[in-house]
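# Understanding the architecture of this molecule
One-letter residues, chain by chain:
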Amino acid sequence: MNLLEKVIVGGNSSYDMDGLKSFFERALREIDLKITRGNVLIKPNLLKGKPPERAVTTHPAFLRALIEFLKDHSCLVSLGDSPGYESLDRVLKTGGYLKMLKQLGINVVPFTGKIKKKVQGISPYREFLFGEDPDRYDIVVNVPKLKTHVMTGTTLGVKNTYGFVRGFEKGRWHLKAGKDRNLFASIIVDVHRIVSPAVTILDGILGMCGDGPGSGDPVRCGIVALSRSAFALDDFVEGYLCPGADLPVTACARRHGLLGPYEVIDMGLPPSVAFPMPGTSDTDWNLPAPVKRILRNIFLKKPGIIPGVCQACGVCAKVCPAGAIDIQGDVACFDYTACIRCYCCHEMCPHNAIKI
């Protein structure tokens, strides 16, 4: 890590293509990163198939501007992700990406492989199963969406690279971490360091606040940001939108010396907007472990069904790493003694039928 990283921030109110390309050009020049003639993988946030106005995924107009910019610089561009439960093809169709990607001749990469990646990291774990190997590419461009997250507070640059973990393997790591957000944060940090993207470019023009990342409220923030360091970018954005928040992934990076000093270069950052955080409570108290476990069971908010909205589709039961959900008749039922409060059910429910 450089002694002084740079976070370049700017504004764009309407996904203006020329404005976005101009920002990419100026910002990459500012961080002295030349992207030319390389084999480039774009990793957006493609959590699940939702229209762009729901702010669940990286906006297709943002991706189009970035792809055209990279192609103008003679790059061979691929794009891929591992959605939560749907196929990548379905997410691309529902979100309005597929036609654009075909027009631009982009290679779409579903992260469905079985690639073992090893790391001497900060979590207790040394091996992860990826759906795609980032080392196959000259450059990985990490393109997260500005969203809240009911477990980690936000899902920005560092958390976005967790999408390299293969399919339902993501749930296995949730199960290993259980209710320990700090342990899960260390897993996310290790995955990010394996991926090691060359640059992170945040789509924060239309973001999501409240109980994200799949069922929150769209909010027009007008922010774009770019940095070599996703840790620095996340720290700035979290501090800008939710001052005083000490969120687990960024706090973990800071504790382990991965978040050093950085310089913020303002290229037209808009005024901050109201950005309500998730309703989940902070349960990382500095208390003895037995007491902490008892208090977590009492105070840690639980997922629950919204009456009349559940379609009994079974997605929540399928993605629950703890096997704590069962479909009984026409509704999903929770076993709270088994529930680990990872909120994967809330994140993946296609009908927004699960509340926190």
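Residues numbered from 1 in each chain as written. Predicted model: local features only at pLDDT ≥ 70, side-chain atom pairs only at ≥ 80, totals over all residues. Heavy atoms only, no water.

### A short note on the overall build of the protein
The helix and strand inventory of the protein stands at 12 helices and 16 strands. Here the protein has a C-alpha radius of gyration of 19 Å; the compact-globule value for 356 residues is 21 Å, and the two agree. Considered along the principal axes of its C-alpha atoms, the protein spans approximately 55 × 45 × 40 Å. Within the protein, contacts between residues separated by at least 24 positions form 75% of all contacts whose residues are at least 6 apart in sequence. Element-wise, carbon and sulfur atoms account for 50% of the exposed surface of the protein, whose accessible area totals about 14400 Å². Computed over 44 positive and 35 negative side-chain charges, the separation of the two mean positions in the protein equals 5 Å. (Helix = DSSP H or I, 4+ residues; strand = E, 2+ residues; numbered from the N terminus. Rg over C-alpha atoms; globule rule 2.2 N^0.38 Å. Contact = heavy atoms within 4.5 Å. Areas by Shrake-Rupley, 256 points an atom, 1.4 Å probe, with all protein chains shown as cover. Lys, Arg positive; Asp, Glu negative; His and termini not counted. Charge placed at Lys NZ, Arg CZ, Asp CG, Glu CD.)

### Remarks on the packing of aromatic side chains
A full pass over the atoms with the stated rule returns 10 aromatic pairs. Taking the centre distance of 6.4 Å and the plane angle of 65° together, the rings of F23 and F24 count as edge-to-face. F24 shares its class with F23; the two are buried. Measuring from ring centre to ring centre gives 5.7 Å for F24 and F62, while their planes differ by 80°; the resulting arrangement is edge-to-face. With a gap of 38 residues between them, F24 in helix 1 (residues 17–30) and F62 in helix 2 (residues 60–72) connect regions that are remote in the sequence. Pair check on accessibility: F24 and F62 agree, each one buried. (Phe/Tyr/Trp six-rings, centres within 6.5 Å; stacked < 30°, edge-to-face > 60°. Buried < 20%, exposed > 50% of the residue type's maximum accessible area, 1.4 Å probe, protein only.)

### Here we look at the layout of surface pockets
Within this model, the second largest pocket holds a volume of roughly 210 Å³. Residue lining of the second largest pocket: 16 residues in total, with S82, P83, F111, T112 and G167 positioned closest to the centre. Residue composition of the lining of the second largest pocket, by class: seven nonpolar, five polar and four charged. (1 Å grid on protein atoms, 1.4 Å probe; cavity = no way out; pocket = protein on both sides within 12 Å on 5 of 7 lines; lining within 4 Å. Points joined across faces, edges and corners; volume = space filled by probe spheres on them. Nonpolar A, V, L, I, M, F, W, Y, C, P; charged D, E, K, R; others polar.)

### Things to note about helix 8 (residues 230–241)
Given a rise of 1.5 Å per residue, 12 residues ought to cover 16 Å, and the 16 Å separating the end C-alpha atoms of helix 8 matches this to within 8%. Burial of helix 8 is extensive: 10 of the 12 residues sit out of reach of the surface. Within the span of helix 8, buried status applies to A230, F231, A232, L233, D234, D235, F236, V237, E238 and L241. (Expected span 1.5 Å × (residues − 1).)

### Things to note about the pattern of salt bridges
Inspection of the entire model under this criterion finds 15 salt bridges. Close ionic contact of D81 with K43 constitutes a salt bridge, the shortest N to O distance being 3.1 Å. Pair noted here: D81 is in strand 3 (residues 76–81) and K43 is in strand 2 (residues 39–44), with a separation of 38 residues, a long-range link. A residue is classified by how much of its surface remains accessible, and K43, at 1% relative accessible area, is buried. A salt bridge links D133 to K117, with the shortest nitrogen-to-oxygen separation between them at 2.9 Å. On the criterion of sequence distance, the pair formed by D133 in the loop between strand 6 (127–130) and strand 7 (139–143) and K117 in strand 5 (residues 115–118) is long-range, its members being 16 residues apart. The same class applies to D133 and to K117, which are both buried. Each of the salt bridges in this network shares a partner with another, and the network as a whole consists of K21, R64 and E68. (Salt bridge = Lys/Arg side-chain N within 4 Å of Asp/Glu carboxyl O.)

### Observations concerning the packing of helix 8 against helix 9 (residues 248–255)
For the pair helix 8 and helix 9, the least separation of the axes is 10 Å and the interaxial angle reads 130°. Here helix 9 runs oblique to helix 8, going by the angle between their axes. Two packed elements cross with a definite hand, and for helix 8 against helix 9 that hand is left-handed. Across the interface between the two elements, F231, D234, D235 and E238 from helix 8 touch T250, A253 and R254 from helix 9. For the contact of helix 8 with helix 9, the per-class residue count stands at two nonpolar, one polar and four charged. (Axes fitted to C-alpha atoms, helices over the stretch in contact; angles between N-to-C directions. Parallel < 35°, antiparallel > 145°, perpendicular 65-115°, else oblique. Left-handed = near helix turned anticlockwise from the far one by under 90°.)

### Digging into the state of the cysteines
Tallied over the full model, the rule gives zero disulfides. Here C242 stays unpaired: no disulfide links it, and the sulfur of C221, its closest cysteine neighbor, is 10 Å away. The thiol of C316 is not disulfide-bonded; the next cysteine sulfur, from C310, is found 6.2 Å away. (Disulfide = S-S within 2.5 Å.)

### Comments concerning the environment of H346
In this structure H346 comes out as buried when scored by relative accessible area, which is 2%. A sequence separation of 42 residues divides H346 from G304, and the C-alpha atoms of the two residues are 8.6 Å apart. When sequence neighbours within four positions are dropped, the list of residues in contact with H346 reads V150, D211, G212, S215, I354, K355 and I356.

### Section: the environment of F128
Structurally, the position occupied by F128 is in strand 6. If we skip the residues at most four places from it in the chain, F128 touches I115, K116, K117, V119, S123, W173, I187, D190, V191 and I194.

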